[in-house]
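# Tertiary structure, described
Here are the chains, one letter per residue:
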Amino acid sequence: MTPLLGTARVFAPTLAGLGERADEPPAGITMRTHVEDVVHVLDHHDLHDVVLVGHSYGGIPITGAAHHRPGRVSDLVYLDALVPQDGQSCADVLGRGFVLAAESAMAEAGTPDRIPWLFTPEDLLGPDSPHADEVAARMTPHPTGTLFDPVATAGVTARRHYVFCTGSTGLGLTEGFAANARKRAEWRYSEIDGPHDAPHACPAAVAAALVAISSL
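Residues numbered from 1 in each chain as written. Predicted model: local features only at pLDDT ≥ 70, side-chain atom pairs only at ≥ 80, totals over all residues. Heavy atoms only, no water.

## Considerations on the sheet that holds strand S1 (residues 50–55)
A sheet is described by the order of its strands in space; here four strands give the open sequence S1-S2-S5-S6, paired in parallel fashion. On the outer flanks of this sheet lie S1 and strand S6 (187–192), each paired with one strand and no other. The mean inter-strand angle of the sheet, taken between neighbouring strand axes irrespective of direction, is 20 degrees. Two elements, strand S5 (residues 159–165) and S6, share six bridges in a ladder whose sense is parallel. Bridging across to S6, Val-163 finds its partner in Ser-190. (Pairing = 2+ DSSP bridges. Helix = DSSP H or I, 4+ residues; strand = E, 2+ residues; numbered from the N terminus. Axes fitted to C-alpha atoms, helices over the stretch in contact; angles between N-to-C directions.)

In structure tokens, the structure reads:
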């Protein structure tokens, strides 16, 4: 997707224990670890006026990073993402039902330190997606410690944007956050006609939304 963003300077860090970092031991990886991953990019590259984009779970660590570095972050973009309140953990945001399902999946898989995926590629991309095999190959279990570490939001001064993927309603994850953003004057709200995993399914639409936000 980076080429679609034109001349923007883009950083796409991989969080600890995920993706190409999946071999890192999950013990000790918490939400604070993922917040620090984002903060490190901001500090290491001495970035200012940053538009931080978080997709899905990523909405929580970008919020924590903006709390720690309010002077560096101008905008927070929640791309069909979770939106925490001050002092909430990922478990608080997702609710008890999700936590129980995660605990059951971990027990069945015998992986107490990692949460197996509770959604299929079809859930994330819609049926008959040409990207299903690619996404399935890249899906990695999530470090359990990231569920329970709270984030702070106090002092976040960035403008907030919510980009809702209208095809994600079947997941039951983000409609509430989208509805809240729509009715609050301090939020900017837009939509993409695509599934939850819009970065894979419709990257051009995501890029266009981000370019529009960056130009505000």
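Structure shown, so let's carry the discussion forward.
## Things to note about a negative patch on the surface
Together, Glu-122, Asp-123, Asp-128 and Asp-133 line one region of the surface with negative charge. Of note, Glu-122 is situated in helix H5 (residues 121–125). In this structure Glu-122 comes out as partly exposed when scored by relative accessible area, which is 42%. (Patch = residues over 30% accessible without salt bridge, like charges linked within 9 Å, V, L, I, M, F, W, Y side chains within 5 Å. Areas by Shrake-Rupley, 256 points an atom, 1.4 Å probe, with all protein chains shown as cover. Salt bridge = Lys/Arg side-chain N within 4 Å of Asp/Glu carboxyl O. Lys, Arg positive; Asp, Glu negative; His and termini not counted. Charge placed at Lys NZ, Arg CZ, Asp CG, Glu CD. Buried < 20%, exposed > 50% of the residue type's maximum accessible area, 1.4 Å probe, protein only.)

## Things to note about the environment of His-45
One can find His-45 in the loop between helix H1 (31–44) and S1. Among all residues touching His-45, those that are not within four sequence positions of it are Arg-9 and Phe-11. (Contact = heavy atoms within 4.5 Å.)

## Brief notes about the pattern of salt bridges
If you walk through the whole model with that rule in mind, you get nine salt bridges. Residues Arg-21 and Glu-24 are paired through a salt bridge, measuring 2.7 Å at the closest nitrogen-oxygen approach. Ionic pairing is found between Arg-21 and Asp-37, a salt bridge with its closest N-O pair at 3.6 Å. Taken together, the residues span a long stretch of sequence, with Arg-21 in the segment before H1 and Asp-37 in helix H1 at a distance of 16 residues.

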